[in-house]
2 protein chains.
Amino acid sequence: MTTTDIHLRQFAEHAKRRVESMLDRVLPAASIHPARLHEAMRYCTLSGGKRIRPLLVYAAGQACNADDTPLDMAATAVELVHAYSLAHDDLPAMDDDDLRRGQATCHKAYGEAEAILAGDAILTLAFRVLSHNMAELISTDRCLRMIDLLSHAAGSRGMVGGQSIDLASVGKQLEIAELEDMHIHKTGALIKASVLLGALCADTNKDTLESLGHYAQFIGLAFQVQDDILDVTGSTEQIGKTAGADRSLNKPTYPALMGLSNAREHARLLHESALNCLTSLGQEADPLRWLSGYIVARTA
Amino acid sequence: MTTTDIHLRQFAEHAKRRVESMLDRVLPAASIHPARLHEAMRYCTLSGGKRIRPLLVYAAGQACNADDTPLDMAATAVELVHAYSLAHDDLPAMDDDDLRRGQATCHKAYGEAEAILAGDAILTLAFRVLSHNMAELISTDRCLRMIDLLSHAAGSRGMVGGQSIDLASVGKQLEIAELEDMHIHKTGALIKASVLLGALCADTNKDTLESLGHYAQFIGLAFQVQDDILDVTGSTEQIGKTAGADRSLNKPTYPALMGLSNAREHARLLHESALNCLTSLGQEADPLRWLSGYIVARTA
């Protein structure tokens, strides 16, 4: 392992610790009324996960010289949005999945009604995190810009729209362009928002924001290609959710559309394109470079 | 009808027209991709309703001399939160209701998955409305305060929490205090937020905000008492949702706990207390006074 590798691992562990501690702080304790709802919210959010979106927030923040405290809030907000989306996606009416992060999905543990409500409350909390006392950390106009950006990325023209497109495409023969359109909405929008929220925690100029936006688009797609590859090649134990679930639902995937080895090559090229977007940035962007590589090399 | 009556009716019609036109503007057209999701979002939101929360926003705004344009956004945001909550509350896993505002509930018309997603996207849109271009209308710190307030009122310690308490109390024998606790969360929090958001559209002083907050607490409870009364006395046609639904679900209600005539007296007293909170305000608060009376006199 090189010194850089060690630094990057330390960066990732540090960031993960920070966001998990902040998630724990902003989620009401399971003893607070209504207790069962708060317990379900904590169950959905604090049960592990790779925390890739928070890592992107901190990495983009580091690339732009942002302070850690506003980054904590931005990272927490995007992870809350991600956690709520998983709780809702797993519901019987949606993907009907029993396993998530190696444990029972929220509706399996708390029942469908509580899982719907927990998701709703987690999403709502994300916006509270970006508004409550945030003005002490960064300027109010940047707070508002972050809320605007996150609400767009999470909404009907972003993540939720992607889930709707996904549902409509089950069992359909999609073209590559349609598949990409789905993923740009479903996972790409929130990944892009994570990078931009991190950058907005500092006074980042327009050009850098634009480069980072392009970087995020490439890694967003790479992330999904790798997810599809893992659904084919990974075991349930390894990926922490039901392996082969996409196939068994007859969902369109990259390996199904272009074959496994082409899908791998596609992921590699997306990673290269992502790196090309960072050429104007120095060492401070190394965590972003490393995360792009991690996304296409991960096995879970 | 007195001149005041005519003015108040004109106020209500004017406010309703404004919020409905703004809802239509902020909701993506049903032709925009993903079309079915946008269609479902519009179906949930534009299919009528009393628009009581928006009316409260405009009425509180008028009491504080706010401009109409920020009030449009605040009214739209609270109505979006209300509309999403109805779409989710009606789901089979929750209240399992088929009728809403005299037509099929969202999941009956679009299926469960799309109803969950439409709700999620409508909630997300509420926060976009309060952040996107809002800074052109009022100061950024007041925008943030509004988002903070709405996200608190709509979240696990407000509206969603109330729905969770409600679910847990089906079939249970509740005390009056527990019933009120449920309603303070379930409907009271958003009603209070509506009044305060209206007031925050102007530079309202702390004392007035406090009085308006108390006013809102009284009418919030009055609203729920009257809702329970209508569930007993109204017909399905009249109230636009299944009459007797609370009883048949064995839900605790005010008439069940204190008898119908005591429930009516309770509503009347809450209305009186609400009016008492407005004594320091002049004619400009007449719409608020009138709305309090309307809430306990309404038949739908």
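The text that follows walks through the structure, step by step, so that each part is easy to find.

Structural notes on the state of the cysteines
Counted according to the given criterion, the structure contains zero disulfides over all chains. We note that Cys201 of chain A lacks a disulfide partner, and the nearest cysteine sulfur, in Cys143 of chain A, lies 8.8 Å from it.

Regarding the relation of the copies chain A and chain B
Between the two chain copies there is a screw-like relation: a rotation about an axis and a shift along it. After a rotation of 180° and a shift along the axis of 0.0 Å, chain A superposes on chain B with an RMSD of 0.0 Å. In short, the pair behaves as if placed about a two-fold rotation axis. Closest to the rotation axis within chain A is the C-alpha of Thr140 of chain A, separated from it by 2.9 Å.

A look at the environment of Gly162 of chain B
Take Gly162 of chain B: it is sitting in helix H8 (residues 159-169). Sequence separation between Gly162 of chain B and Asp227 of chain B is 65 residues; the distance between their C-alpha atoms is 15 Å.

A few points about the interface of chain A and chain B
Size of an interface: often given as the accessible area lost when the parts come together. Taken together, the contacts link 47 residues of chain A with 47 residues of chain B. For the pairing of chain A and chain B, the buried interface totals around 3800 Å² over both sides, and the portion due to carbon and sulfur atoms is 69%. On the chain A side of the interface with chain B, the three residues burying the most area are Leu117, Thr124 and Leu144 of chain A, jointly 15% of the side's total. For the interface between chain A and chain B, the tally reads two salt bridges. Two residues, Arg128 of chain B and Asp148 of chain A, come together in a salt bridge whose shortest N-O distance is 2.9 Å.

So, helix H2 (residues 35-45) of chain A
Among the residues making up H2 of chain A, those that are buried are Leu37, His38, Ala40, Met41, Arg42, Cys44 and Thr45 of chain A. Against the buried residues of H2 of chain A lie helix H1 (3-26), helix H4 (68-89), helix H5 (106-110) and helix H6 (112-131) of chain A together with H8 of chain B.

Structural notes on the packing of helix H8 (residues 159-169) of chain A against helix H9 (residues 176-200) of chain A
Packed helix pairs are specified by the crossing angle of their axes together with the interaxial distance, meaning the distance between the axes. Residues and elements named next belong to chain A. Relative to each other, H8 and H9 sit at 145°, their axes nearing to 7 Å. Note on packing geometry: the crossing formed by H8 with H9 is left-handed. Side by side, H8 and H9 meet where Met159, Gly161, Gly162, Gln163, Ile165, Asp166 and Ser169 of the first sit next to Asp181, Met182, His185, Lys186, Ala189 and Leu190 of the second. Looking at the contact of H8 with H9 residue by residue, the class counts come to five nonpolar, five polar and three charged.

Overview of the nonpolar core
Side chains that are nonpolar tend, in soluble globular proteins, to be buried together. Within the largest apolar cluster, 188 residues are counted, with the highest numbers of intra-cluster contacts made by Tyr215 of chain A together with Tyr215 of chain B. Among the elements that take part in this core, H6 of chain A stands out by supplying 13 residues, more than any other. Residues contacting Tyr215 of chain B, with those up to four places away along its chain left out, are Leu56, Val195, Ala274, Cys277, Leu278, Leu288, Leu291 and Ser292 of chain B.

Here's the deal with the pattern of salt bridges
Residue and element names in this part refer to chain A. Per the counting criterion, the structure on display carries 28 salt bridges over all chains. A salt bridge links Asp68 to Arg18, with the shortest nitrogen-to-oxygen separation between them at 3.3 Å. Remark: Arg18 occurs in helix H1 and Asp68 occurs in helix H4; sequence separation between them is 50 residues. Judged by its relative accessible area of 24%, Arg18 falls in the partly exposed class. Glu114 is the salt-bridge partner of Arg36, the closest N and O atoms lying 3.8 Å from each other. On the criterion of sequence distance, the pair formed by Arg36 in helix H2 and Glu114 in helix H6 is long-range, its members being 78 residues apart. For Arg36, a relative accessible area of 42% translates into the label partly exposed.

What about the environment of Arg51 of chain A?
All names here are of chain A. Mapped onto the fold, Arg51 is located in the loop between H2 and helix H3 (52-63). C-alpha separation for the pair Arg51 and Glu79, spaced 28 residues apart in sequence, amounts to 7.0 Å. Not counting the four nearest positions on each side in its chain, Arg51 is found in contact with Lys16, Glu20, Leu23, Thr45, Leu46, Glu79 and Arg101.

Here we look at the environment of Ser194 of chain B
All names here are of chain B. On the secondary structure map, Ser194 appears in helix H9 (residues 176-200). On the basis of relative accessible area, Ser194 is assigned to the buried category, the value being 0%. Filtering out sequence-adjacent residues up to four positions away, Ser194 remains in contact with Arg53, Leu56, Val57 and Val78.

Things to note about unusual backbone geometry
Where the residue is not glycine, phi is negative for most of them; where a peptide bond is considered, it is trans in most cases. Put simply, His33 of chain A and Pro34 of chain A share a cis peptide bond, and its omega is -5°. Position of Pro34 of chain A relative to the elements: it lies in the loop between H1 and H2. Within the chain, Arg101 of chain B stands out as a residue other than glycine whose phi angle is a positive 50°. Along the chain, the position of Arg101 of chain B falls in the loop between strand E1 (99-100) and strand E2 (103-104). Positive phi, normally seen in glycine, also occurs at Asn133 of chain B, with a value near 65°. Its location among the elements puts Asn133 of chain B in the loop between helix H6 (112-129) and helix H7 (140-154). Classification of Asn133 of chain B by relative accessible area gives partly exposed; the value is 44%.

Describing the side chain of Asp72 of chain B
Residue and element names in this part refer to chain B. As for its placement among the helices and strands, Asp72 is situated in helix H4 (residues 68-89). A distance of 2.6 Å separates polar atoms of two side chains, one belonging to Asp72 and the other to Tyr58. For Asp72, the residues in contact, after removing those within four places along its chain, are Arg18, Met22 and Tyr58.

What about the packing of aromatic side chains?
Counted under the stated rule, the structure contains five aromatic pairs over all chains. With 4.6 Å between their ring centres and 15° between their planes, Phe127 of chain A and Phe127 of chain B make a pair best called stacked. Here Phe127 of chain A is found in helix H6, whereas its partner Phe127 of chain B is found in helix H6 on a different chain. By the burial criterion, Phe127 of chain A is buried, and Phe127 of chain B matches it. Considering the side-chain rings of Tyr43 of chain B and Tyr110 of chain B, the 5.3 Å spacing of their centres and the 70° angle between planes classify their relative orientation as edge-to-face. In this pair, Tyr43 of chain B sits in helix H2 (residues 35-45) while Tyr110 of chain B sits in helix H5 (residues 106-110), placing the two residues 67 residues apart along the sequence. For Arg53 of chain A, the ring lying beneath its charged end belongs to Phe223 of chain A, and the centroid distance is 5.5 Å. A cation sits over an aromatic face here: Arg298 of chain B above Phe223 of chain B, 4.1 Å from the ring centre.

Quick notes on the rules
Residues numbered from 1 in each chain as written. Chains lettered and ligands numbered in written order. Predicted model: local features only at pLDDT ≥ 70, side-chain atom pairs only at ≥ 80, totals over all residues. Heavy atoms only, no water. Disulfide = S-S within 2.5 Å. Least-squares fit on C-alpha atoms with pLDDT ≥ 70 in both. Helix = DSSP H or I, 4+ residues; strand = E, 2+ residues; numbered from the N terminus. Contact = heavy atoms within 4.5 Å. Buried area = accessible area lost by both parts, 1.4 Å probe. Salt bridge = Lys/Arg side-chain N within 4 Å of Asp/Glu carboxyl O. Buried < 20%, exposed > 50% of the residue type's maximum accessible area, 1.4 Å probe, protein only. Axes fitted to C-alpha atoms, helices over the stretch in contact; angles between N-to-C directions. Left-handed = near helix turned anticlockwise from the far one by under 90°. Nonpolar A, V, L, I, M, F, W, Y, C, P; charged D, E, K, R; others polar. Core = buried A, V, L, I, M, F, W, Y, C linked by side-chain atoms within 4.5 Å. Polar contact = N/O pair within 3.5 Å; in protein donor to acceptor, adjacent residues only side chain to side chain. Phe/Tyr/Trp six-rings, centres within 6.5 Å; stacked < 30°, edge-to-face > 60°. Lys NZ or Arg CZ within 6 Å of the ring centre and 35° of its normal.

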